[in-house]
Amino acid sequence: MRSLQRDFHRQVAIDGPAASGKSSVARELARRLGFIYVNSGAIYRAITWYLLQKGIHAEDSDRIAHALESAAITCCLQDSESRILIDNVDPADHLRDDRVNESVARVSRLPLVRQIVGQKLHEYARSHDLVVEGRDIGSVVFRETPYKFYVDASPEVRLRRRAAQGERDEITLRDHADFSRPVSPLVIAEDAHVIDTSRLTIEGVVNKIIARLKQMGLQI
Ligand code: CDP
């Protein structure tokens, strides 16, 4: 008899710059597909928050390595979404604090930090179908997946969207850091499908992605 349990899982990668609409699109897409929604940026943010709490500066790679060696970083699921605990504390309410916005791109540059987050993402992929949003998901973390999307919007639209969220977030600086870092920079993966979300609703973007996935033969 054929087992209902598949021995492989699918990953849909949604990459793009800050405030391009990734999170809303990825969450809604995951809901429509019945996949788990994983926000990789939230893991980078949680690690950044943890280090800031300990008074460790984003440039102090030795102290960061030491702190992360002994930190218990647990990635779990809640309501079909990724959730992060560090040393049993849930930093969810602090992930978008000004100081996290300000430091996260510098912490994310460190190879050790990228390695930790990459491992966590692969752990999710062992047991679930995923929609994962981030910067390097289609280009590095799940390079093998055929299902890759790069969502973008004009700089003006992105600045407006972030301001409407009431956050102080220097997205131009963060974008520059993300595009120019030597390890896993933000790039458009060669085989990614690019969508400009400037004039589209979330539903409009999700519909486009689902149409493309069906065309590619994703069984949903
Ligand atoms: O929501 P927003 O687009 O502003 O950012 P985010 O997805 O929460 O990511 C915050 C920061 O984490 C980014 O600016 C990157 O520096 C870093 N990041 C990364 O380096 N790689 C990823 N896969 C996801 C986020």
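Quick note: structure is the one above.
Residues numbered from 1 in each chain as written. Predicted model: local features only at pLDDT ≥ 70, side-chain atom pairs only at ≥ 80, totals over all residues. Heavy atoms only, no water.

(A) Spatial organisation of the overall build of the protein chain. The number of helices and strands found in the protein chain is nine helices and seven strands. Relative to the compact-globule value of 17 Å for 220 residues, the protein chain shows a C-alpha radius of gyration of 17 Å, a close match. Of all 220 residues assigned to the protein chain, the portion counted as buried reaches 48%. Long-range pairs, those at least 24 residues apart, make up 75% of the contacts in the protein chain with a sequence separation of at least 6. Here the protein chain has roughly 11,600 Å² of accessible surface; of this, 49% comes from carbon and sulfur atoms. Between the mean site of the 32 positive side-chain charges and the mean site of the 31 negative ones, the protein chain shows a separation of 4 Å. (Helix = DSSP H or I, 4+ residues; strand = E, 2+ residues; numbered from the N terminus. Rg over C-alpha atoms; globule rule 2.2 N^0.38 Å. Buried < 20%, exposed > 50% of the residue type's maximum accessible area, 1.4 Å probe, protein only. Contact = heavy atoms within 4.5 Å. Areas by Shrake-Rupley, 256 points an atom, 1.4 Å probe, with all protein chains shown as cover. Lys, Arg positive; Asp, Glu negative; His and termini not counted. Charge placed at Lys NZ, Arg CZ, Asp CG, Glu CD.)

(B) Main features of the pairing of strand 1 (residues 11–15). Across the five residues that make up strand 1, a large majority, five, are buried. Sheet analysis places strand 1 next to strand 5 (residues 130–134), joined by five bridges and oriented parallel. In the sheet register, A13 faces strand 5, and the bridge partner there is V132. Examined bridge by bridge, strand 1 and strand 6 (residues 148–152) share three bridges and lie parallel to one another. Within strand 6, the position partnered with A13 by the bridge is K148. (Pairing = 2+ DSSP bridges.)

(C) Seen up close, the nonpolar core. I47, L51, L68 and L121 are the most contacted members of the largest nonpolar core, which has 37 residues in total. The greatest single-element share of this core, amounting to eight residues, is contributed by helix 2 (residues 40–53). If we skip the residues at most four places from it in the chain, L51 touches I56, I64, A67, L68 and V107. (Core = buried A, V, L, I, M, F, W, Y, C linked by side-chain atoms within 4.5 Å.)

(D) Structural context of the site of the ligand. K22, R45, R162, R174 and D178 are the nearest of the 21 residues found near the ligand. Between an oxygen atom of the ligand and a side-chain N or O atom of K22, the distance comes to 2.7 Å. A distance of 2.9 Å is found between a nitrogen atom of the ligand and a side-chain nitrogen or oxygen belonging to D136. When the ligand sits alone it has 530 Å² of accessible area, and the protein chains cover 99% of it. Where the shell around the ligand is concerned, the elements lending two or more residues are helix 2, helix 4 (98–107), strand 5 and helix 8 (171–180). Per-element accounting of the shell around the ligand gives the leading share, four residues, to helix 2. Here the residues of the shell around the ligand sort into six nonpolar, four polar and 11 charged. (Near = heavy atom within 4 Å. Polar contact = N/O pair within 3.5 Å; in protein donor to acceptor, adjacent residues only side chain to side chain. Nonpolar A, V, L, I, M, F, W, Y, C, P; charged D, E, K, R; others polar.)

(E) The arrangement of the pattern of salt bridges in detail. Enumeration over the complete set of coordinates arrives at 17 salt bridges. Of the charged contacts, one joins E59 and R109 as a salt bridge, the two residues approaching to 3.3 Å between their closest N and O atoms. Of this pair, E59 sits in the loop between helix 2 and helix 3 (61–70) while R109 sits in the loop between helix 4 and helix 5 (111–127), and the two are 50 residues apart along the sequence. A salt bridge links D178 to R181; the nearest nitrogen and oxygen atoms lie 3.3 Å apart. (Salt bridge = Lys/Arg side-chain N within 4 Å of Asp/Glu carboxyl O.)

(F) View of the side chain of S108. Position of S108 among the secondary structure elements: in the loop between helix 4 and helix 5. With residues up to four places along the chain from it excluded, the contact list for S108 reads Y44, R114 and R181.

(G) Looking closely at helix 3. Those residues of helix 3 that fall on the buried side of the exposure criterion are I64, A67 and L68. In an axial view of helix 3, the angular spread of the buried residues amounts to 95 degrees, which keeps them on one side of the axis. Opposite the packed face of helix 3, turned more than 90 degrees from it, sit the exposed residues D62, H66, E69 and S70. Against helix 2, strand 3 (73–78) and helix 5 lie the buried residues of helix 3. (Arc of directions from axis to C-beta.)

(H) Quick peek at helix 1 (residues 22–33). Compared with an ideal rise of 1.5 Å per residue, which puts 12 residues at 16 Å, helix 1 spans 16 Å between its outermost C-alpha atoms and is within 8% of the ideal. Of the positions making up helix 1, those classed as buried are K22, V25, A26, L29, A30 and L33. Down the axis of helix 1, the buried set is contained in an arc of 130 degrees. They therefore lie on one face. Summarising the contacts, the buried residues of helix 1 are in contact with strand 1, strand 2 (36–39), strand 5, strand 6 and helix 9 (202–215). Where helix 1 terminates, the next one or two residues include G34, which has phi positive at roughly 75 degrees. (Expected span 1.5 Å × (residues − 1).)

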